[in-house]
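# An overview of the molecular structure
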Amino acid sequence: MSYINREREDSEEEFLLNFMVNIILKDGTKKEYDKGTSVLEVAQNLSSGLARVACAGKIDGELVDLRIPLNDDCNLEILTFEDDGGKWAFRHTGAHILAQAVKNLYPDVKLAIGPAIQTGFYYDFDIDKHFTEEDLANIEDEMKKIVKAKYDIETFTLSKEEALKLMADEPYKIELINDLPEGEIIRFYKQGDFVDLCAGPHLLNTKAFEAFKLLSTAGAYWKGSEKNKMLCRIYGTAFSKKADLKAYLERIEEAKKRDHRKLGKELELFVIMDEGPGFPFFLPKGMLLKNNLIEYWRELHQKAGYKEISTPIILNKELWLTSGHWEHYRENMYTTIIDEMDFAVKPMNCPGCMLVYKSKLHSYKDLPLRMGELGLVHRHELSGALHGLMRVRNFTQDDAHIFMLPNQIKAEIENIMKLIDEVYNAFGFKYRVEISTKPEDSIGEESVWETATQSLIDAMTELGYDYKINEGDGAFYGPKIDFKLEDSLGRTWQCGTIQLDFQLPERFELEYIGSDGEKHRPVMIHRVVFGSIERFIGIITEHFAGAFPTWLAPVAVKVLPISDKYAEYANNVADQLNEKGIRAEIDYRTEKIGYKIREARMERVPYIVVVGLEEQETNTVSVRSRQKGEEGSFPLNEFINRVESEINTRFNYHTNITNEFSK
RNA sequence: GCUGUUAUAGCACAGUCGGUAGUGCACUACAUUGGUAGUGUAGAGGUCACGGGUUCGAUUCCCGUUAACAGCUCCA
């Protein structure tokens with residue numbers, strides 16, 4: 001809040017002579033203005049066009065209102081809707097217009113908060129009713145009136161006492177005011193007769209807010225805590241141009257078409273039944289996909305020096321007490337009684353792996369020891385959190401635990417970062433990285449946590465990653481680096497994670513014999529690359545819109561005989577393909593060829609080959625590829641070589657996929 | 001788990017202002033033996049999610065349960 005402080009300090013100096021301020025613009029130009037010139041006035045001076053579309057400013061990297069006077073030399077940027085900060089101010093103004101409209105229509109409503117978000121804005125209301133679609137339409141109309149009224153948006157500040165008095169009828173605002181640190185400027189924005197507590201920035205007038213739409217309503221807890229009252233939230237989105245709004249709404253519709261739950265059903269990959277909420281069934285096609293991923297994973301990890309193990313799904317209570325899960329993860333665990341003793345279904349693979357480590361004596365020469373496990377874990381997730389394959393109650397983690405000497409930590413983390421980067425890039429994913437620190441409910445010494453967290457930060461810095469810190473979001477046994485991938489609607493899902501753990505080796509009293517002949521404690525890393533095979537399948541299904549690259553596709557080639565006279569030749573073709581490890585299927589049905597092609601295309605099969613009399617006589621196939629459409633006839637062995645090399649090169653090919661299913 | 005919405009054939013959906021239900025695709029049979037995005041005809045398939053209540057009568061109205069969907073919270 002440095003600009004606010006500047007504003008205050010300087011107001012005491014107002015008696016002094018007007019000084020000039022030197023500002024440096026985004027393009028590096030230096031300009032001189034009278035002290036007290038506002039950001040807006042600078043914009044107007046630069047160009048009236050810029051001033052018209054300006055939404056906010058940025059002083060020395062800090063987002064500010066256009067009305068803010070410049071009192072010190074600084075770097076200044078004028079932000080429009082095209083800039084993140086400008087977009088934020090624009091949409092935040094939308095939240096205020098929404099609140100004003102709701103207040104006009106429902107005077108008894110109590111206002112909570114209403115920020116801009118990545119996809120638009122929302123406002124939380126405390127009201128006895130719930131908003132229907134019809135209500136949303138009415139509110140939208142009311143918002144349009146406010147926009148048409150072209151209210152100037154003004155801002156002012158008040159002392160705490162005055163602010164509390166002004167907001168006397170708004171209990172949530174009072175709570176917010178009381179939560180502000182002592183001495184903080186309490187700022188308000190006003191448009192027409194609507195006043196809201198807000199740090200800003202905002203637009204100058206409501207008239208610019210034309211291209212918007214209210215999208216949905218939802219329940220949301222006050223201050224995001226499930227202990228608090230649930231409020232009614234209205235979501236909306238807005239753009240500076242109507243065409244952009246239209247394009248965005250169309251994009252949402254497009255994204256729905258590639259929802260993995262819809263495609264999973266259509267492509268017969270998986271089903272989730274009422275009999276097992278959150279427990280997916282994999283169908284033959286989904287199983288092929290899953291096994292293809294696993295095969296890739298095994299190849300990758302073998303090269304990277306991992307050894308694969310498998311540990312039991314059910315283990316006794318004693319083990320979970322030792323690991324700390326019984327105390328810290330109990331509510332997510334499924335338990336059972338066997339021979340009158342307590343057992344738990346594993347929610348994580350680590351304790352089992354600990355036992356494997358302890359099953360023999362290790363020398364420092366064995367380290368780092370990288371033990372992978374495709375472990376099936378079960379976790380009781382809240383019913384409302386379940387979401388197709390993205391959030392399930394049993395899933396296969398592509399887990400690995402790495403035991404090492406303390407001086408091997410950085411190198412190992414870097415190895416894993418590179419491995420994850422290789423895999424995500426291969427699929428063409430963009431991802432975000434976050435570091436999560438010590439949570440409230442945790443085990444182990446503070447100093448150990450600090451060392452662990454620092455070594456994660458060091459590795460990230462060394463590799464030049466941009467990362468965000470999530471305070472208090474770590475696992476109960478250690479800090480972690482999380483890798484987040486986006487789904488088709490822009491929601492992010494945690495996939496890869498690297499977790500440093502000094503606790504479990506301690507609890508399980510793991511040891512290795514050092515070069516000094518003495519026993520020492522190894523350090524451990526937990527890590528996953530896909531995260532869970534299930535979630536990853538969900539994400540790649542949406543990413544490829546079901547048109548999986550040939551190496552992954554459940555069926556690589558669909559053979560379509562023109563009629564059953566050519567079934568034998570079709571068999572011959574499919575056999576030769578399958579012999580080379582190319583998954584081929586034959587559609588024997590006595591349907592018209594056009595019909596069979598249509599169905600095969602709906603299945604997103606990479607290659608369709610049509611065989612009839614002509615092909616049989618010349619030992620050729622008529623090829624139709626997903627990428628290029630009808631390609632004509634090729635000798636069978638030429639086609640086989642082509643597909644075989646495409647599968648072997650895996651990712652070198654998929655980036656070219658362009659067809660109506662992958663837009 | 002919380003707030004809201006929803007639940008009709010394998011799938012996508014109509015419908016019944018309370019008198020036990022239809023369309024398309026898929027499925028089965030027959031005919032059609034075909035050349036790059038949907039062949040024709042016929043047939044079979046549903047205690048209208050489950051449990052209560054109101055009613056002469058409930059798939060329809062009310063309550064509860066379960067599940068799904070959107071969001072919140074939580075997470076791989």
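## A word on the overall build of chain A
In terms of helices and strands, chain A carries 22 helices and 33 strands. Projecting the C-alpha coordinates of chain A onto the three principal axes gives extents of approximately 95 × 75 × 55 Å. Pairs at least 24 apart in sequence give 69% of the contacts found in chain A among residues at least 6 apart. With the model as given, the accessible surface of chain A reaches about 32200 Å², and the carbon-plus-sulfur share is 48%. The distance from the centre of the 84 positive side-chain charges to the centre of the 110 negative ones in chain A is 4 Å.

## What to know about the pattern of salt bridges
The full count for this structure, using the stated rule, is 35 salt bridges. Note that K262 is salt-bridged to E266, the shortest N-O span being 2.8 Å. Here K262 pairs with E266, and both are found in helix α9 (residues 260-266), just four residues apart, close to one helical turn. Of the charged contacts in the structure, one is a salt bridge between E434 and R432, with a shortest N-O distance of 3.5 Å. For E434, a relative accessible area of 2% gives the class buried. Judged by relative accessible area, which is 37%, R432 ranks as partly exposed. By sharing partners, the salt bridges in this structure join K285, K558, E585 and E603 into a single network.

## Focus on the nonpolar core
With 81 residues, the main nonpolar core has L293, Y424, F427, I481, V557 and V559 as its most contacted residues. For this core, the element with the most residues is helix α14 (residues 409-427), which contributes ten residues. Ignoring sequence-local partners within four residues, the contact set of L293 consists of F427, F530, I533, F536, I537, I540, W551 and L552.

## Side note on a nonpolar patch on the surface
On the surface, a cluster of nonpolar side chains totalling about 200 Å² of accessible area is made up of I313, I314 and I338. Of note, I314 is situated in strand β17 (residues 314-316).

## Looking at the sheet that holds strand β29 (residues 557-561)
Pairing is mixed in the open sheet, where five strands are placed in the order β30-β29-β31-β32-β33. Here the strands that pair on one side only, and so sit at the sheet edges, are β30 (584-586) and β33 (629-635). Across the sheet, the axes of successive neighbouring strands diverge by a mean angle of 25 degrees, strand direction being ignored. Pairing analysis gives five bridges linking β29 to strand β31 (residues 607-611), with the strands arranged parallel. Its bridge partner lying in β31, L560 is registered against V610. The strands that helix α21 (residues 636-649) touches are β29, β31, β32 (620-625) and β33; relative to β33, the one it contacts most, it runs at about 120 degrees.

Definitions and cut-offs
Residues numbered from 1 in each chain as written. Chains lettered and ligands numbered in written order. Predicted model: local features only at pLDDT ≥ 70, side-chain atom pairs only at ≥ 80, totals over all residues. Heavy atoms only, no water. Helix = DSSP H or I, 4+ residues; strand = E, 2+ residues; numbered from the N terminus. Contact = heavy atoms within 4.5 Å. Areas by Shrake-Rupley, 256 points an atom, 1.4 Å probe, with all protein chains shown as cover. Lys, Arg positive; Asp, Glu negative; His and termini not counted. Charge placed at Lys NZ, Arg CZ, Asp CG, Glu CD. Salt bridge = Lys/Arg side-chain N within 4 Å of Asp/Glu carboxyl O. Buried < 20%, exposed > 50% of the residue type's maximum accessible area, 1.4 Å probe, protein only. Core = buried A, V, L, I, M, F, W, Y, C linked by side-chain atoms within 4.5 Å. Patch = residues over 30% accessible without salt bridge, like charges linked within 9 Å, V, L, I, M, F, W, Y side chains within 5 Å. Pairing = 2+ DSSP bridges. Axes fitted to C-alpha atoms, helices over the stretch in contact; angles between N-to-C directions.

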